[in-house]
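Remarks on the overall topology
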Amino acid sequence: MNSVGDYIMARFEAWCRLANDPSSYFVAAFLLIVLGCDVIRKGWRRSLSRRAIESVAATLAIFHINIVLVPGVWLLSDQVKQAYDLLGIPSIPGSVWTDLPTWLLSFLGILAADFANYWNHRLMHMKWLWPVHAIHHSDPVVNGLTTYRVHALENLVMLVSYTLLLSWIGLPRDAIGYGALIVLFHNIYVHIDVDWGHGPLRLLVASPRFHRWHHADVPAAYGKNLANVFPFFDWIFGTYRVPGPCNVPLGATGVPRNNVLKLTLWPLIEWLRLAARLLPTFQRQVVDDRRDVPAE
Ligand SMILES: [Zn+2]
Ligand SMILES: [Zn+2]
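Residues numbered from 1 in each chain as written. Chains lettered and ligands numbered in written order. Predicted model: local features only at pLDDT ≥ 70, side-chain atom pairs only at ≥ 80, totals over all residues. Heavy atoms only, no water.

What the second largest pocket holds in volume is close to 540 Å³. Listed by contribution, the elements that provide at least two residues to the lining of the second largest pocket are helix 2 (22-42), helix 3 (44-47) and helix 4 (50-87). Among the elements that take part in the lining of the second largest pocket, helix 2 stands out by supplying six residues, more than any other. (1 Å grid on protein atoms, 1.4 Å probe; cavity = no way out; pocket = protein on both sides within 12 Å on 5 of 7 lines; lining within 4 Å. Points joined across faces, edges and corners; volume = space filled by probe spheres on them. Helix = DSSP H or I, 4+ residues; strand = E, 2+ residues; numbered from the N terminus.)

We now examine empty space enclosed by the protein. Taken as a whole and judged by the stated rule, the model has one cavity of 30 Å³ or more. Considered as a void within the structure, the largest cavity measures approximately 60 Å³ in volume. For the largest cavity, the full set of lining residues is Ile62, Ile65, Asn66, Leu69, Ile135, Val150, His151, Ala152, Leu263 and Thr264. Those elements that place two or more of their residues in the lining of the largest cavity are helix 4 and helix 11 (260-292). Per element, the largest residue contribution to the lining of the largest cavity is four residues, and it comes from helix 4. Looking at the lining of the largest cavity residue by residue, the classes come out as seven nonpolar, three polar and no charged. (Nonpolar A, V, L, I, M, F, W, Y, C, P; charged D, E, K, R; others polar.)

Moving on to the coordination of the zinc ion (ligand 1). Taken together, the protein donors to the zinc ion (ligand 1) comprise His121 (NE2), His125 (NE2), His133 (NE2), His137 (NE2) and His214 (NE2), at separations of 2.0 to 2.2 Å. Look at where the donors of the zinc ion (ligand 1) fall in the sequence and you get H-x3-H-x7-H-x3-H-x76-H. Taken together, the positions of His125 in the loop between helix 5 (102-124) and helix 6 (130-137) and His214 in helix 9 (residues 208-215) put the pair 89 residues apart, joining distant regions of the chain. A relative accessible area of 22% means that His125 is categorised as partly exposed. (Donors = N, O, S within 2.8 Å, 3.2 Å for Na, K, Ca; no water. Buried < 20%, exposed > 50% of the residue type's maximum accessible area, 1.4 Å probe, protein only.)

Moving on: helix 6. Of all eight residues in helix 6, seven are buried; the element is thus mostly enclosed. What helix 6 keeps buried is the set Pro131, Val132, His133, Ala134, Ile135, His136 and His137.

This next bit is on the nonpolar core. Across soluble globular proteins, nonpolar side chains have a tendency to be buried as a group. Listed in full, the 12 residues of the largest apolar core are Val27, Leu31, Val34, Leu145, Tyr148, Ile188, Tyr189, Val190, Ile192, Val194, Ala206 and Phe210. Mapped onto this core, the elements with two or more residues apiece are helix 2 and helix 8 (173-190). In this view, Leu31 contacts Gly144, Leu145, Tyr148 and Ile188; residues no more than four positions away in its chain are not counted. (Core = buried A, V, L, I, M, F, W, Y, C linked by side-chain atoms within 4.5 Å. Contact = heavy atoms within 4.5 Å.)

For the protein, mean pLDDT is 83; residues scoring 70 or higher make up 90% of the total. Model confidence for the protein, summarised as mean pLDDT per element, is weakest for helix 3 at 72 and strongest for helix 10 (residues 232-237) at 97. (pLDDT = per-residue confidence, 0-100.)

At this site the zinc ion (ligand 2) is bound by His136 (NE2), His191 (NE2), His211 (NE2) and His215 (NE2), with donor distances of 2.0 to 2.1 Å. Classification of the site at the zinc ion (ligand 2) as irregular follows from its four donor atoms and the range of 92 to 153 degrees in their angles at the metal. Within one chain, the residues donating to the zinc ion (ligand 2) are spaced in sequence as H-x54-H-x19-H-x3-H. Residue His211 and its partner His215 are both found in helix 9; the two are separated by four residues, about one turn of the helix. (Tetrahedral: all angles 85-135°; square planar, octahedral: opposite > 155°, others 65-115°.)

So this is what it looks like as structure tokens:
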């Protein structure tokens, strides 16, 4: 890649390919059905309120910004993969998986990716990574499209961890591809504005109620329900919390709601603010260290 112009042209071609890809039609059709059902259920006035339209417009803008930005940050993940290969960490040989049926391999791929995702997500809710993940939580009107409200840098963290984990496990690429498609449809499903809790299966497959509690803007819900697909990871690691129907406000206090430019720059803004807060402590530490040095 020689210049910014080449990069932009390559991104435009990728966007055209995405727009013509049959799997994009399936996802778009699914999203339209989901949004259509929402309109029928709640009526035009509530589903197409100004708040909801602003939320959808911001999410669509973030999705298109990511088409441009994400491959740029993916280049960084290649460096991580090379470093990982250089370390020579032993991995499971691909031959272990050859006799297993595709459905089982896809399931194992989803299970492994969700385990990685649980810990990624837990990190994302900690102080220094929260400014990156806060964009996903900024949506005040959580709906199927919220799936796509993700910062480009979050894509990088996910990609690095999946690349490392899945290359360690050595699962075949086909199985991962099918698994990724199932996870995408499920991810859209858990963001739908319905109160389905999955009854006795609630710990096996994440429900919209489970994930709405993850988006709840009340302190008791912060950092809870972190798994994407399998809530039993939360149950095992002590972060499961579904007290009943989720009727509390959704969103993230202190984070811009639908200002796309601010949301894109949010990690930078917050990291500068956090660093500025650290500076006086650091300076005090240096002064104290100097005082501790005995005079010769
Ligand atoms: Zn989260
Ligand atoms: Zn979400």
